[in-house]
Number of protein chains: 2
Amino acid sequence: MPKVGMEPVRRKALVDAALRVIGDHGSLSVTMSEIAKQAGVSPALAHHYFGSKEQLLIETIRSLLKQLRDDAVTALKAARTPREKLSALIRVSFQADQFAPQTIAAWLAFYAEAQRSEETRRFLMIYARRLRSNLVANLKPLCPADAAEHIAEGAAAMIDGLYIRQSLRSAPVSIEASIALTEDYVSMQLGRVGI
Amino acid sequence: MPKVGMEPVRRKALVDAALRVIGDHGSLSVTMSEIAKQAGVSPALAHHYFGSKEQLLIETIRSLLKQLRDDAVTALKAARTPREKLSALIRVSFQADQFAPQTIAAWLAFYAEAQRSEETRRFLMIYARRLRSNLVANLKPLCPADAAEHIAEGAAAMIDGLYIRQSLRSAPVSIEASIALTEDYVSMQLGRVGI
DNA sequence: TTTTATTGATTGATCAGTCAATCAAAATTA
DNA sequence: TAATTTTGATTGACTGATCAATCAATAAAA
């Protein structure tokens, strides 16, 4: 079997499998066996490449974050004005694959894990700060600095809150409605101070 | 030992212990032993009274919810006008003990669990709906019905989002700031349509 | 031959859940 | 009142299952 150079292929397959299994299962209490099976390899191989379950999970959240960042970068590049960039950030947050039940379930599981794992928390803090600073940067040209901080805080909270509420599938707020709600908040706050 | 009538005492002690252990641990992956130890009884007794770990956890979330409801009822009674009642609802959501790191960690853990446990999800949906309908009921006197739904959705999302972000302890938004942010949102939305 | 990839089998630890036994208060009987 | 029975409370010890992690063995490429 051993074609040389399988390592990156296997690593990716395992990380993707982990994300899928976690999303389906809605929890980090998934077994290495499940993940390995999903990736089509033996559990032993997962340990061989990642050393431990924890390490595999760390890589998994890292990949989730990278995906989000790449999307944000692309969306920001496509937008011209600060106001357009704000809309782009909101749209990226609610894009279909991010808002899929499994993805939301995975995020939630990682947030819970962050209560225990320092490293997981670090990653989620990076996400939170990035969203915030992206928002602030594009709000500052449109309003006073202190207002920008304030609005960014509120918008970020609303985005995260819409995720949480989506996870219950109780009163499913559609993607469009979620975007509208957040856009509305930002527009109204900006309207208060001009533009 | 057997003084008769220990059952309710033990049940409460175990539920409280579970909440504490879950909050400290930041996860539902806590052992019956830990919970029982915290309650000062043997693991076997926990099983005796609750039958299973799952059942104990269900009772635990039920108690968390009851606490919140009682507080809300009290706060609503003390407020007079609809606008005051809205403020009361916001204040209750962010009251100190609810906003304590351990309580937030427990909520988060239950949200994650809700992905798997139908019953847990039911409870959380009750919370979500209750908050929403309380908000709507007190918004309706102040604005058109469709606006009330819209504002309630946004405010509820913001509240939940502020919780989530609090759980990371990254950019700790104080209780007062959280209340202010939500109040601000509601006031501004209402300002748009009068009052 | 050496190196890389891969797995089956195994181990050790952890836990939920069970059960038989004990202890002491309360109820009943003498 | 004293003796006896009943019942609720409680636990230690055990079991069976699950799982992360290890390792020695194998297979194929280089």
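Chemist: Got a sec to walk through the interface of chain B and chain A? Specific residues and values, please.
Modeler: The accessible area lost on association of the parts is a frequent measure of interface size. Contact with chain B, which involves 39 residues of that partner, is made by 39 residues of chain A. Interface area for chain B against chain A, summed over the two sides, is near 3900 Å², with a carbon-plus-sulfur share of 64%. Among the residues chain B hides against chain A, the three largest losses belong to Q115(B), R165(B) and L168(B). Together they make up 20% of the total. Where chain B packs against chain A, one counts 2 salt bridges. Ionic pairing is found between R165(B) and D160(A), a salt bridge with its closest N-O pair at 2.9 Å. In this assembly, chain B and chain A are joined by 14 residue pairs in polar contact (both at pLDDT 80 or more). No other element matches the 12 residues that helix 9 (residues 145-167) of chain B contributes to the side of chain B that touches chain A.

Chemist: Hey, could you go over the pattern of salt bridges for me, with residue numbers and the actual values?
Modeler: Residue and element names in this part refer to chain A. Inspection of the entire model under this criterion finds 20 salt bridges over all chains. R116 is the partner of E113 in a salt bridge, and the nearest nitrogen-oxygen pair spans 2.9 Å. You can call E113 buried: its relative accessible area is 16%. For R132, the salt bridge is made with E153, and the minimal N-O distance between the two is 3.0 Å. Residue R132 is located in helix 8 (residues 118-139), and its partner E153 is located in helix 9 (residues 145-167); the two are separated by 21 residues in the primary sequence. Since its relative accessible area comes to 11%, E153 is described here as buried. When salt bridges with common partners are traced through the structure, they connect R132, E149 and E153 into a single cluster.

Chemist: Break down the packing of aromatic side chains for me, citing the residues and quoting the values.
Modeler: Under the definition given, this model contains 9 aromatic pairs over all chains. Aromatic side chains Y185(A) and Y185(B) sit 5.7 Å apart centroid to centroid with 55 degrees between the ring planes, which places their arrangement in the tilted category. Within this pair, whereas Y185(A) is found in helix 10 (residues 175-193), its partner Y185(B) is found in helix 10 (residues 175-193), the two belonging to separate chains. Just as Y185(A) is buried, Y185(B) falls in that class too. Taken together, F94(A), F99(A) and Y163(A) form an aromatic cluster joined through their ring pairs. In this structure, R122(B) is placed above the aromatic ring of F123(B), and the distance from its NZ or CZ to the ring centre is 5.5 Å.

Criteria and thresholds
Residues numbered from 1 in each chain as written. Chains lettered and ligands numbered in written order. Predicted model: local features only at pLDDT ≥ 70, side-chain atom pairs only at ≥ 80, totals over all residues. Heavy atoms only, no water. Contact = heavy atoms within 4.5 Å. Buried area = accessible area lost by both parts, 1.4 Å probe. Salt bridge = Lys/Arg side-chain N within 4 Å of Asp/Glu carboxyl O. Polar contact = N/O pair within 3.5 Å; in protein donor to acceptor, adjacent residues only side chain to side chain. Helix = DSSP H or I, 4+ residues; strand = E, 2+ residues; numbered from the N terminus. Buried < 20%, exposed > 50% of the residue type's maximum accessible area, 1.4 Å probe, protein only. Phe/Tyr/Trp six-rings, centres within 6.5 Å; stacked < 30°, edge-to-face > 60°. Lys NZ or Arg CZ within 6 Å of the ring centre and 35° of its normal.

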